[in-house]
Amino acid sequence: MSMTPEQTALYRSKELIDALWNDGEVGKKIQAAAKAKWNDVKTTEDMISPIVEPHLVKLRAMEEKYERILEERLEEKRANEDERVKVKLEEQLEKARRDYNLTEEGFNQMIDRMKSTGNYSDALAAAAYVASKAPPAKVAGPTWAPQDLDLFGSKNRNDALVELHRDPMGYMDSQLTEFVADPDKYVRDTLGRAA
């Protein structure tokens, strides 16, 4: 069955209009122009919107909910990470304080050193710096022996020590007799402190 030239032209124009109507680039413009010219024209959007719009509303709501949940999770993760960093830093600070036996003043100097250098990751280095700058502590004399031994009795006149140099065996006998009589008193008197 063959078409007349008028039918062929009509068929081709309908095919062209359909192709342009649904074209991705010019289709919306053609549909908008047709809608403006004839109010009763149904565009693709007019036909699909009632079906798709409720689903789009749900999808947008789900996207918003997802974004909120994602933001909350990221906020929790950041807070947890901040807490871990804080705990780790506190542990490093306490370890540095213990390792270098820092006083409260030394600890504060260590913190000041970390702030001034901007290096908050190496508390041990700051503690070592503070410890190296601290003046050496005074060394106390021995606490297990007499602090002022007057071995020859030259500082204070001591008849017992004079006896030691004159008669060592007699001195030993007198000291042993005194020790046996009251050992605690002898140790206190000899070492100069409570036994």
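Residues numbered from 1 in each chain as written. Predicted model: local features only at pLDDT ≥ 70, side-chain atom pairs only at ≥ 80, totals over all residues. Heavy atoms only, no water.

Caption draft 1: Inspection of the packing of aromatic side chains at higher detail. Per the stated rule, a full pass over the model turns up 1 aromatic pair. Taken together, a centroid distance of 5.5 Å and an interplanar angle of 80° make the contact between F179 and Y186 edge-to-face. Taking relative accessible area as the criterion, Y186 reaches 18% and is therefore assigned buried. Its end group placed over the ring of Y129, R113 keeps NZ or CZ at 3.8 Å from the ring centre. (Phe/Tyr/Trp six-rings, centres within 6.5 Å; stacked < 30°, edge-to-face > 60°. Buried < 20%, exposed > 50% of the residue type's maximum accessible area, 1.4 Å probe, protein only. Lys NZ or Arg CZ within 6 Å of the ring centre and 35° of its normal.)

Caption draft 2: Spotlight on the packing of helix α3 (residues 44–99) against helix α5 (residues 123–133). Their axes nearest at 8 Å, the elements α3 and α5 cross at an angle of 30°. As summarised for this structure, α3 and α5 are arranged roughly parallel, according to the angle between their axes. Note that α3 runs across α5; the crossing there is right-handed. Between α3, through Q92, L93, A96 and D99, and α5, the contact on the second element is made entirely by A123, L124 and A127. Grouping the amino acids of the contact of α3 with α5 by side-chain chemistry returns 5 nonpolar, 1 polar and 1 charged. (Axes fitted to C-alpha atoms, helices over the stretch in contact; angles between N-to-C directions. Helix = DSSP H or I, 4+ residues; strand = E, 2+ residues; numbered from the N terminus. Parallel < 35°, antiparallel > 145°, perpendicular 65-115°, else oblique. Left-handed = near helix turned anticlockwise from the far one by under 90°. Contact = heavy atoms within 4.5 Å. Nonpolar A, V, L, I, M, F, W, Y, C, P; charged D, E, K, R; others polar.)

Caption draft 3: Structural context of the nonpolar core. Formed by L93, A96, L102, F107, M110, M114, A123, A126, A127 and V130, the largest nonpolar core amounts to 10 residues. Listing elements by their share of this core, those giving two or more residues are α3, α4 (104–117) and α5. The leading source of residues in this core is α5, at 4 residues. Setting aside anything within four residues of it in sequence, one finds M114 in contact with L89, L93, N119, Y120, A123 and A126. (Core = buried A, V, L, I, M, F, W, Y, C linked by side-chain atoms within 4.5 Å.)

Caption draft 4: Representation of the side chain of R97 within the structure. Along the polypeptide, R97 turns up in helix α3. Among the polar contacts listed, one links the side chain of R97 to the side chain of E104, at a separation of 3.3 Å. Among residues more than four places away in sequence, those in contact with R97 are L102, E104 and F107. (Polar contact = N/O pair within 3.5 Å; in protein donor to acceptor, adjacent residues only side chain to side chain.)

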